[in-house]
Amino acid sequence: MEKGDGSFAPAGVYKQRAELYKGSLTSYVVISCLVAAVGGALFGYDIGVSGGVTSMDAFLKKFFYKVYVKKRQAQENHYCKYNDQGLAAFTSSLYLAGLVASLVASPITRKYGRRASIVCGGISFFIGAVLNAVAVNLAMLLLGRIMLGVGIGFGDQAVPLYLSEMAPAHLRGALNMMFQLATTSGIFTANMINYGTAKIPKWGWRLSLGLAVLPAILMTVGGLLLPETPNSLIERGSKEKGRRILEKIRGTQEVDAEFEDIVDASDLANSIKHPFRKILERRNRPQLVMAICMPAFQILNGINSILFYAPVLFQTMGFGNATLYSSALTGAVLVLSTVVSIGLVDKLGRRVLLISGGIQMTICQVIVAIILGIKFNGNDELSKGYSALVVVVICLFVIAFGWSWGPLGWTVPSEIFPLETRSAGQSITVAVNLLFTFIIAQCFLSLLCSFKYGIFLFFAGWIVIMTLFVYFFLPETKGVPIEEMVFIWRKHWFWKRMVPGTPDVEINEVK
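Residues numbered from 1 in each chain as written. Predicted model: local features only at pLDDT ≥ 70, side-chain atom pairs only at ≥ 80, totals over all residues. Heavy atoms only, no water.

**Student:** Can you walk me through the environment of T189 in this structure?
**Tutor:** Mapping T189 onto the fold places it in helix α8 (residues 178-197). For T189, a relative accessible area of 38% puts it in the partly exposed group. It is 7.8 Å that separates the C-alpha atoms of T189 and G48, two residues lying 141 residues apart in sequence. (Helix = DSSP H or I, 4+ residues; strand = E, 2+ residues; numbered from the N terminus. Buried < 20%, exposed > 50% of the residue type's maximum accessible area, 1.4 Å probe, protein only.)

**Student:** Before we go on, may I ask you to explain the nonpolar core in this structure?
**Tutor:** As a rule of thumb, soluble globular proteins bury nonpolar side chains together. Counting residues in hydrophobic clusters, the biggest one holds 131 residues, and the most contacted among them are F59, F64, M290, M361, F397 and W405. Ranked by residues supplied to this core, first place goes to helix α1 (residues 27-53) with 11 residues. What F64 contacts, discounting residues up to four positions off in sequence, is F59, D84, G86, L87, F90 and L138. (Core = buried A, V, L, I, M, F, W, Y, C linked by side-chain atoms within 4.5 Å. Contact = heavy atoms within 4.5 Å.)

**Student:** Can you help me understand the packing of helix α19 (residues 350-375) against helix α23 (residues 454-473) in this one?
**Tutor:** Axis angle and axis distance: for two packed helices, these are the angle between their axes and the distance between the axes, and together they describe the pair. One can describe the packing of α19 onto α23 by two numbers: an axis separation of 9 Å at closest approach and a directional angle of 165°. Viewed along their axes, α19 and α23 adopt a mutual orientation that is roughly antiparallel. Both α19 and α23 take part in a crossing whose hand is left-handed. Between α19 and α23, the contacting residues are R351, L354, I355, G358, I359, M361, T362, Q365, V366, V368, A369 and L372 on the first element and F456, L457, F459, A460, I463, V464, M466, T467, V470 and Y471 on the second. Within the contact of α19 with α23, the residues separate by chemical class into 17 nonpolar, four polar and one charged. (Axes fitted to C-alpha atoms, helices over the stretch in contact; angles between N-to-C directions. Parallel < 35°, antiparallel > 145°, perpendicular 65-115°, else oblique. Left-handed = near helix turned anticlockwise from the far one by under 90°. Nonpolar A, V, L, I, M, F, W, Y, C, P; charged D, E, K, R; others polar.)

**Student:** Would you take a moment to explain the pattern of salt bridges for this structure?
**Tutor:** It is possible for side chains of opposite charge to pair when their charged atoms get near one another. As enumerated under the stated definition, the model contains 13 salt bridges in all. With a closest N to O distance of 2.6 Å, D256 and R243 form a salt bridge. Of this pair, D256 sits in helix α13 (residues 256-270) while R243 sits in helix α12 (residues 239-250), placing them 13 residues apart in sequence. For R243, a relative accessible area of 22% corresponds to the partly exposed category. Across the pair K278 and E281 runs a salt bridge, and its minimum N-O distance is 3.4 Å. Put simply, R172, D346, R350 and E415 are held in one network by salt bridges that share partners. (Salt bridge = Lys/Arg side-chain N within 4 Å of Asp/Glu carboxyl O.)

**Student:** Could you clarify how one ought to interpret the environment of I262 in this entry?
**Tutor:** Relative to the assigned elements, I262 resides in helix α13. On the accessibility criterion, I262 (2% relative accessible area) is buried. Each C-alpha atom, one on I262 and one on I234, is 7.3 Å from the other, the two residues being 28 residues apart in sequence. Ignoring sequence-local partners within four residues, the contact set of I262 consists of P230, N231, I234, L246, L419 and E483.

**Student:** Would you explain the packing of aromatic side chains in this entry?
**Tutor:** The geometry of an aromatic ring pair is captured by the separation of the ring centres together with the interplanar angle, meaning the angle of the planes. All chains considered together, the criterion is met by 20 aromatic pairs. A ring pair is formed by F297 and W405, whose centres lie 6.3 Å apart and whose planes are at 90°; its orientation type is edge-to-face. One end of the pair, F297, is in helix α15 (residues 285-300); the other, W405, is in helix α21 (residues 405-416), with 108 residues separating them in the sequence. No difference in accessibility class separates F297 from W405, as the two residues are buried. (Phe/Tyr/Trp six-rings, centres within 6.5 Å; stacked < 30°, edge-to-face > 60°.)

**Student:** Got a minute to help me understand the state of the cysteines in this structure?
**Tutor:** Cysteine pairs can be covalently joined through their sulfur atoms, and such a bond is termed a disulfide. Taken as a whole and assessed by the stated rule, the structure comprises zero disulfides. No disulfide involves C395; its sulfur sits 9.8 Å from that of C364, the nearest cysteine. (Disulfide = S-S within 2.5 Å.)

**Student:** Help me understand the side chain of R145 in this model?
**Tutor:** With respect to the helices and strands, the residue R145 is situated in helix α6 (residues 138-166). Taking relative accessible area as the criterion, R145 reaches 0% and is therefore assigned buried. Here R145 is in contact with D46, S50, F90, T91, S93, L94, Y95 and N132, once residues within four sequence places are set aside.

**Student:** Honestly, α21 in this entry has me stumped. Any pointers?
**Tutor:** Since the α-helix turns once every 3.6 residues, residues separated by three or four places project in the same direction. For α21, which comprises 12 residues, the first-to-last C-alpha distance of 16 Å matches the rise-based estimate of 16 Å (1.5 Å per residue) to within 8%. Most of α21 is tucked away, with 12 of its 12 residues classed as buried. Within the span of α21, buried status applies to W405, G406, P407, L408, G409, W410, T411, V412, P413, S414, E415 and I416. (Expected span 1.5 Å × (residues − 1).)

**Student:** What's the story with unusual backbone geometry in this structure? I'm lost.
**Tutor:** One can expect most non-glycine residues to show negative phi and most peptide bonds to be in trans. For K452, which is not glycine, the phi dihedral falls at a positive 55°. Checked against the element boundaries, K452 lands in the loop between α22 (419-451) and α23. Residue classification places K452 among the partly exposed positions, given a relative accessible area of 29%.

**Student:** Would you mind going over a nonpolar patch on the surface with me for this structure?
**Tutor:** Where nonpolar side chains cluster on the molecular surface, the patch consists of I123, F126, I127, V130, V134, L214, I217, V221, L224 and L225 and spans about 860 Å² of accessible area. With five residues, the top contributor of residues to the nonpolar patch is helix α10 (residues 213-225). (Patch = residues over 30% accessible without salt bridge, like charges linked within 9 Å, V, L, I, M, F, W, Y side chains within 5 Å. Areas by Shrake-Rupley, 256 points an atom, 1.4 Å probe, with all protein chains shown as cover.)

**Student:** Is there a simple way to think about the side chain of N231 in this case?
**Tutor:** Within the fold, N231 resides in helix α11 (residues 230-235). In contact with N231, not counting residues within four places along its chain, are E165, I262, L419, R422 and E483.

**Student:** Looking at this model, I keep getting lost on the environment of G251. Mind explaining?
**Tutor:** Looking at where G251 falls in the secondary structure, it is placed in the loop between α12 and α13. Spatially, the C-alpha atoms of G251 and L25 are 7.7 Å apart, while their sequence positions differ by 226 residues.

**Student:** Which parts of the structure should I look at to understand the packing of α15 against α23?
**Tutor:** Between α15 and α23, the shortest axis-to-axis distance is 9 Å and the interhelical angle comes to 150°. On the basis of the axis angle, α15 is roughly antiparallel to α23. When the axes of α15 and α23 are compared, the crossing they make is left-handed. Between α15, through V289, M290, C293, M294, F297 and L300, and α23, the contact on the second element is made entirely by F459, W462, I465, M466, F469 and F473. Considering only residue class, the contact of α15 with α23 consists of 12 nonpolar, no polar and no charged.

Below, the structure is given as structure tokens:
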């Protein structure tokens, strides 16, 4: 929409109506968000189960015999005994498939609604879990992983959007974090299952992989029963139904201001035929940068390496039979720290949690690198005292991630896009997350072999960069209505030069 001065009006709504929003948190919203967030459990369960299964002798003996032989050789350098590209491909193939699926999911999410993608994700994940559980060769195993990836691509694309659009503005951070809470709960559950199935010598790994059907069923059934978001209904022309749902989830009929914001946003969204092309325009540069950098940094801090390969990592340090127990411990603290984050995110804001979390994570990575560099040469096992210290420091790292970059790496990108590019923006977020997850998953075992303890310093360097990025370039989004997010970029010292203004709109600080 061109203005008289030749500039372009910002995408989305044109008036700030945040102070006019009515309604409160209703049980209807809470139940809907809890059910939808189960989609995060798919991602979490796979992260947790992969590392445990790849350390089980029966699994390695059947599919990766060379790694099994190398593992049994006492003289093998601990840092390098799991270095095998085929084994890495087992973990990483899922994320490459998810990357492609997330881009396919974007038009489906936009044209058919958030629920459609949630259901597609659940069905795909179910098929993949079954294939993995009954796999008799590597090809069948990888095909199952690819189907799991398709499920994760659809789920990660739709669920954060669903949560952001259903939640009231003042509680959006906490409700959006249900996704990360489900993810961390999935990781912990997988770790505990691995701890039990490791005691079943021949087919324990099949049980670990096959139990992924449970969150898949929950996600599929939940997707069928959930209400669609008002934003999606209105965007697809069902204004009356959208208003009815909005009144129901806000617990009041006084929803005129929020309804008008959604209608304004949907009118503009429907005029955009090519959202991926639209997102590349200069006015959308801040959101695009966040959609790329936030998920990339979320992975480059090293957390997935610890969660994927926790049993392998602890075994590398000589923990022996305690590996799955140690990784279950990290899974438990991740869940607890995410719960803490849910209580703090809408009080302290996104920036405080991200910056303080980054500082704590950097310190922890450096401490682990120093301990391993001085006390562990790769051929001998780490002493019990230092092993315990490493576990404690890794747990402190996981705690910091759990209340900062873990949930907020998903929350921030899902809440900053205007409606017309929201689905495309979330697809980019998911694609970048899965791309870097794939890269790290594929390369971590080789990097561990080459860098040794230096791998922790490598990740510490990235944490410093991402913490500075948040400090300088991410504005606070706490309490800002999702359809009025465009105004925060006009107030930012750097981004305001890219986001055009509207002379007829008074810009007030959002409190």
